[in-house]
Each structure stands twice: as C-alpha cells, then as structure tokens.
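Descriptive structure summary
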Amino acid sequence: MQPTDTRDPQYYHKVVDCQWACPAHTNVPEYIRLIAQGRYSDAYMLNRASNVFPGILGRTCDRPCEPACRRTRVDGKPVAICRLKRVAADLREDITDRLPKAPPVKNGKRVALIGGGPASLTVANDLLPQGYEVVLFEKHDKLGGLMLTNIPAFRLPAKVLNEEIAYVVDMGLDVRLNTPVESMKGLLDDGFDAVFVGVGAPRGKNLELPGRYDSDRVHIGIDWLESVAFQHIDTIGERVLVIGVGNTAMDCCRTAKRLGGTDVKVMARRGRADFKASDWELEDAEGEQVEVMEYHSPKAFVVEDGQLRGMTFDVVEWYEDDKGKQRSRAVEEVFIPADDVIVAIGQENAFPWIERDMGIEFNDWDMPVVDRGTMQCSLPGVFFGGDAAWGPENIIWAVEHGHQAAISIHNHCHGIPLAERPDYGMNLVSQKMGIHEWSYSNDYDPNARTAMRYVDLRDRLAGIGVEAELGYDVDEAAREVERCLNCDIQTDFTANLCIECDACIDVCPLHCLTITENGTEVELRQRLTAPAENLKQDIYVSEELPQTRRVMVKDEDLCVHCGLCAERCPTAAWDMRKFDLLVPYAGHDTWATTAAL
C-alpha cells in the first residue's frame, strides 16, 4: 500500500466518527471539551457555525452521530452527544453580539427563499452576512416549517424555536408571512438572481381502505399535528389508534396522550427490528404508556351510522418466498375499537405551483431532478433542499442542504461554476504539554451513559406545552462529557523517528498497531495483530521505517485515542495532535496546513 496521506483533511475527518457521520460535520469532540471546561457559550457558537440551530437540534436531532460514536465499541452506549448540545444551548449566556451580521452595503444580488423551515433559514444565515438581499416567502403566519408544525411543543418549546429563528431573521431577512408562492414563473419574473425551494414534504400519505371517508375521525398525521400546533385541535377521543411506526407516529401518539387519549395504540405491520422510529422516540412513547402492537396490517375502518367504531386488522406473519423476498400472510382477523385514528405512514412532496413547462425536470415520482452536489435542479438558478429535494429526512440534513445550496447560489451569482466547491481545510496541532502530559483528558472514564431526567408522568401529560425532558444539570453534563474518547486527538506518526522498539505495540490496549512488511490492503488487514475487519474504516500505513524498511500499520477502527503509544514512544515518533476540520461556507474559503504546528 502507498503511505497514507494524513495531510488530506478527509483522512482524519473520517477517523472522527461522530463528525464524519454528522451531515453538517459539527465538531463534536471540541464542543464537548468546551462544555467540560464550563465554556457553554463557546460550545454553543461552535455548534452554531455548522448546525445553525443548537437549541432546536439538541432536542430534536435524529442523532446520526451517536450510532457512529466510538464509545459504542467500548461499552455499547454512545456519548449523549445530542443532549450535550442542549446543555450548551441551555447554559449559554447572551451571545447576540457574537452572531454573524449583515453588512450595511448590499452586493446587489437578490435571492428568494420559498418556505420558512430549517433549509431556507440556513441559506439565509449563510447569505445575509455576504451582503445578499434575501426574501423569504412563508404560507403560514409563523416561521419554522415542519419544526413548528410537526414537532410538538413538549419536545421543542416555542421559546427555543422562536429564539433561534430570530437570530437569522434579525440579520435583516425580509420575511413575508401569509404569502404562499402560487407560481414559480411569477416569482422568477420578479427579478430574483436565484431561488431556493425549501417547502418540505407537506402532504401526508393516505390509507385508502374501506370506510376511509365515512367518518371525520380519521386524521392524516402531519395535518393533525399542524392543527394541534396552530391550536385548531385541542381534544381527541379516549381510544386512539396510530397507524405507522416512524418518528411522526411517535409524535402523534404522544400528542394524543396529552389531548385526552387514555388508550393509545401504535399499530405496526412488522416487528420492532423494522421500525423506522428512532429507539429513543419509541422508548419515550412506551414510557408514556403507549401500547405498540406488532404484526397488525390495517384492513378496514369500521363506521356505523357515520360514527367511527374502530378498525379491523389482519394479524400477519412474515416469511421469505422462493426469490428471497419478504412476504406476509394473514393468520387471523381482529377488530380493535377506536374513537379516532391517526394515519402516520409517511409523507410526500407536492409542487402544484411549479409550472411543468418552464424547464424544471420532474422524475417518475413527480419529484424535481436535483443534483446532490450542487442542489440545483435542471433550471439554472433554482435550487432545492431539505425534504423538498429528495423526500423526508431530518433537520440536520436540511441544514447541510442549506449550506451547500448557499455555496451554489454564491457561485451562481458570481459566475463561478457550481462544481467548483471550496476546499475543506484542517489544522493539526500537538497536544503535548510535557513528557507524559497532554492538554486533554485522556484517562478512560468507565461511567455508564447518563440517563435523562423527565418531568413526572402525570405533570408531563397534563398539557401539550410541558417540555418532557428536563435536560442534564451541570453535574450530569460534567459526568457525561468525560465519556468522550476525544477521537479528534489523532495519533500522528513520523516514520523517520521510529526505531522499531515495539514499545507502542506492547502498550496498546486494543492491539491496533503492527510493524510488518508492506503488502496489499487485503493481506495487510489480515496480518495485523488484530485483523482489521471493518472495511468502512481505513487502515493507516506509514512510509518505510528507516531500520528495516517495514511499515507501521494502524487499524483506525480499533483505536480509542488513549495516547499510550505517544507516552511510551522514546523518540516522539508518535504524537497526539488535535485535528480541526475547516469547513467551507458560502463566501468563506478554508486553507490546509501543510505542516503541523
């Protein structure tokens, strides 16, 4: 194998599993260390640079970082990254003077944003400081998009939502509420230099079964949540069936419990292994006495004299057919009574206001054809992001779409090819403070993941506006941050200093280091002290060592960044260096350091 190029920012970035897994590439280990130091405002601002909405995401993020967390390989439970983000948001001081500001003189470019959700607000956040005039069109009388209409207040309080939206609006965003866009052609005729579409996936999927339209007590999940958010609905029947097992279904069943539902059931066609809901969403629902019924396939709505009585279901079992495809067969039919049914089986996009003869190509699913790198559709100057681009995802993906769209809009408005994306950069700085001292806590903390505290169940269910989670207090946060393994503190190797004494290999607690003859990646992976079997994570290969021309090989998957190799090394061939990924944003290029400091 060729020597690993550790000066490529993406190499060490991939080693920082949490940051690599985060769509917006938030610098997780650094903000956790800032929390450990009590620097909550600094941690908040570091978060905000990438994810824009730390307080919102600290409560609602789908947490792609946590399954990737290296701590899961040690004791099975990731660091509570998301909940620590909330700590930074809740304990910060006034940071308004540290927020980006729009210059008094504009650059002459006008950009239209359609929809007031996280994707559009991120575009505004990135473009306003660059001097753009940004106009946002929102059909409702409030901003927030699906963050407002589909995430209940007991998960995301209005104060948190409104405060972080205001940080963007107060830069000078021209917000036009109660103003739905009814024609893309008409909007483009208004002379905007670029248009961004961030309208989400506003249409809930229906369940076309017998009896569906014979009662007004059958609701579409996202529409019902929206009606609750705007206080058009404040009660529901005692017996409620929620059809579907995604995160929206979890919000629906928990909301129903707060509006009068005493017997709330979530109905699933498959078993738990196939549920789309996040584990913690499911745990929270069951903790509020929601019953989850597996292997029940909806068959019909039972309505008598215009009144909903319940539903019939086929109880099914799943099997594999001759072609290896999963099939179901009915074992029996059951009737389950209900006063209301909420259908939460997915969401769809809808673009009736985009004329189909104006150059925007749509695919077979009536979705715009969007370039995943540039966010531009087939009509130059028109960009999509968030759920409007490829269907329902989550808030952090919408934020990253907004960042990339803002770069593309900036390029488009300045005549730069959209494919010319600004480079990522990095800093790599030694953490050595003495012969055996480092400027980070490298001791392994055996504590288990810190449990979340909740409001008492009776008080929690008393009202839709009571936030269910209490968040970590200072002591709980201090305990949880110590579980972080500091994956951004890299074991950086200098081959010409190595004397092949094997001290690092002897001391490594995970057997992730090997000095051996070079070879192909396949055979090297098998010749290591512990075979490197996770092909998704790279192995490090050094330049030839001066004594024997062999190479130092390291399995990046196993390493827990304890620093023992660097402490034991008598020649300082190993060093612990903090990696800082420099992420480019619209109008802000980065640089790559070619030599470590």
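This one's a predicted model, so the numbers in the text were calculated from it and none came from an experiment. Here the residue numbering is sequential within each chain, running from 1 through the sequence in written order. Reporting of local features is limited, given that this is a predicted model, to residues whose pLDDT is at least 70; pairs of side-chain atoms are given and counted only at 80 or more, and all residues count toward the totals for whole chains, interfaces and linings. Values reported for side chains reflect all heavy atoms of the structure, with hydrogen atoms and water molecules removed beforehand.

**Topic: the overall build of the protein**
Note the threshold: Runs of H or I in DSSP of at least four residues are treated as helices and runs of E of at least two as strands, each being numbered from the N terminus. Put simply, the radius of gyration uses C-alpha atoms, and a globule should come to 2.2 Å times the residue count raised to 0.38. Only protein chains enter the calculation, and the probe is 1.4 Å; a residue is then buried if its accessible area is under 20% of its type maximum, exposed if over 50%, and partly exposed in between.
The number of helices and strands found in the protein is 22 helices and 21 strands. Relative to a compact globule of 597 residues, whose C-alpha radius of gyration would be 25 Å, the protein shows 27 Å and is just as compact. Its C-alpha atoms give the protein principal-axis dimensions of about 90 × 60 × 55 Å. Here the protein, with 597 residues, has 55% of them falling under the buried criterion.

**Remarks on the pattern of salt bridges**
Let me state the cut-off plainly: Any Lys or Arg side-chain nitrogen found within 4 Å of a carboxyl oxygen on Asp or Glu counts as a salt bridge.
Applying the stated criterion to the full structure yields 52 salt bridges. With a closest N to O distance of 3.0 Å, arginine 59 and aspartate 90 form a salt bridge. Of this pair, arginine 59 sits in helix H5 (residues 54-60) while aspartate 90 sits in helix H8 (residues 81-91), and the two are 31 residues apart along the sequence. Several salt bridges share partner residues, and in doing so they unite Arg254, Arg258, Asp284, Glu288 and Arg460 into one network.

**Concerning helix H9 (residues 118-127)**
Within H9, ten of the ten residues are buried, leaving the element largely enclosed by the surrounding structure. Among the residues making up H9, those that are buried are Pro118, Ala119, Ser120, Leu121, Thr122, Val123, Ala124, Asn125, Asp126 and Leu127.

**Points about the domain arrangement of the protein**
Inclusion rule: Segment limits for the domains were obtained from an automatic or database-derived domain assignment. Any pair of residues with heavy atoms lying within 4.5 Å of one another is described as a contacting pair. Accessible area that two parts lose when put together, evaluated with a 1.4 Å probe and summed over both, is termed the buried area. Three residue categories are used. Nonpolar comprises Ala, Val, Leu, Ile, Met, Phe, Trp, Tyr, Cys and Pro, charged comprises Asp, Glu, Lys and Arg, and polar comprises the others, including Gly.
Considered domain by domain, the protein is made up of domain 1 (99-202 + 349-413) and domain 2 (204-346). Here the C-alpha centre of domain 2 lies 32 Å away from the C-alpha centre of domain 1. Across the boundary between the two partners, domain 1 contributes eleven residues, which contact twelve residues of domain 2. At the boundary of domain 1 with domain 2, total buried surface from both sides reaches about 990 Å², with 55% on carbon and sulfur atoms. Counting across the domain 1 and domain 2 interface gives two salt bridges. The salt bridge involving arginine 155 is made with aspartate 251; its shortest N-O contact spans 2.9 Å. Considering only residue class, the side of domain 1 that touches domain 2 consists of six nonpolar, three polar and two charged.

**Description of the layout of surface pockets**
Just so we agree on the cut-off: The method works on a 1 Å grid over the protein atoms by themselves. A cavity is a set of points holding a 1.4 Å probe that cannot get out, a pocket is an open set with protein on both sides within 12 Å along at least five of seven lines, and residues with an atom within 4 Å of a point line them. Grid points are joined across faces, edges and corners, and a volume is the space filled by probe spheres set on the points.
By volume, the second largest pocket is sized at about 600 Å³. Lining the second largest pocket we find 23 residues, and of these Leu46, Ala49, Ser50, Val583 and Tyr585 sit closest to its centre. Only helix H4 (40-51), H9 and strand E21 (574-582) provide two or more residues apiece to the lining of the second largest pocket. In terms of residue count, the dominant contributor to the lining of the second largest pocket is H4 (five residues). Class assignment for the residues of the lining of the second largest pocket results in nine nonpolar, ten polar and four charged.

**So, the sheet that holds strand E11 (residues 307-320)**
The pairing of strands in a sheet happens through backbone hydrogen bonds and is either parallel or antiparallel. Selection rule: Paired strands, in this sense, are two strands between which DSSP finds at least two bridges. Throughout, an axis means a line fitted to C-alpha atoms (over the contacting stretch in the case of helices), and angles, computed between N-to-C directions, take values from 0 to 180 degrees.
Spatially, three strands are ordered E10-E11-E12 in an open sheet, and the strand pairing comes out antiparallel. If you trace the sheet from one side to the other, it starts and ends with strand E10 (296-304) and strand E12 (326-337), each paired once. Going across the sheet, the axis of each strand differs from the next one's by a mean of 20°, ignoring polarity. Pairing analysis gives eleven bridges linking E11 to E12, with the strands arranged antiparallel. By the bridge assignment, methionine 311 is partnered in E12 with isoleucine 336.

**Some details on the packing of aromatic side chains**
What counts here: Between rings of Phe, Tyr and Trp, where Trp is taken as its six-membered ring, a pair exists when centres lie within 6.5 Å; planes separated by under 30 degrees are stacked, by over 60 edge-to-face, and by other angles tilted. In this scheme, Lys NZ or Arg CZ marks a charge over a ring once it lies within 6 Å of the ring centre and within 35 degrees of the ring normal.
Under the definition given, this model contains eight aromatic pairs. Taking the centre distance of 6.2 Å and the plane angle of 85° together, the rings of phenylalanine 137 and phenylalanine 192 count as edge-to-face. Here the residue phenylalanine 137 occupies a position in strand E2 (residues 133-137), and phenylalanine 192 occupies one in the loop between helix H12 (184-188) and strand E4 (194-197), the gap between them amounting to 55 residues. Note on phenylalanine 137: relative accessible area 9%, which makes it buried. Judged by relative accessible area, phenylalanine 192 falls into the buried class, the value being 9%. Aromatic rings pair up to connect Phe351, Trp353, Phe362 and Phe384 into one cluster. Against the face of tyrosine 44 rests arginine 92, its NZ or CZ located 4.3 Å from the ring centre. It is arginine 258 that lies over the ring of phenylalanine 154; its NZ or CZ is 3.7 Å from the centre.

**Considering the pairing of E11**
For a regular strand, the rule is simple: side chains alternate between the two faces of the sheet. Of the pairings in the sheet, the one linking E10 to E11 comprises eight bridges and is antiparallel in character. Paired with glutamate 304 across the strands is glutamine 307, a residue of E11. Between the antiparallel neighbours E10 and E11 lie two residues, among them aspartate 305 with a positive phi of about 55°. Hairpin connection of E11 to E12: five residues between the antiparallel strands, including glycine 324 at a positive phi of 80°.

**A closer look at the sheet that holds strand E16 (residues 425-430)**
Taking strand neighbours across the sheet as the criterion, the three strands line up as E16-E21-E17 in an open arrangement whose pairing is antiparallel. Two strands close off the open sheet at either side, each with one partner strand: E16 and strand E17 (489-493). Each strand of the sheet is rotated relative to its neighbour by a mean of 40°, with strand direction disregarded.

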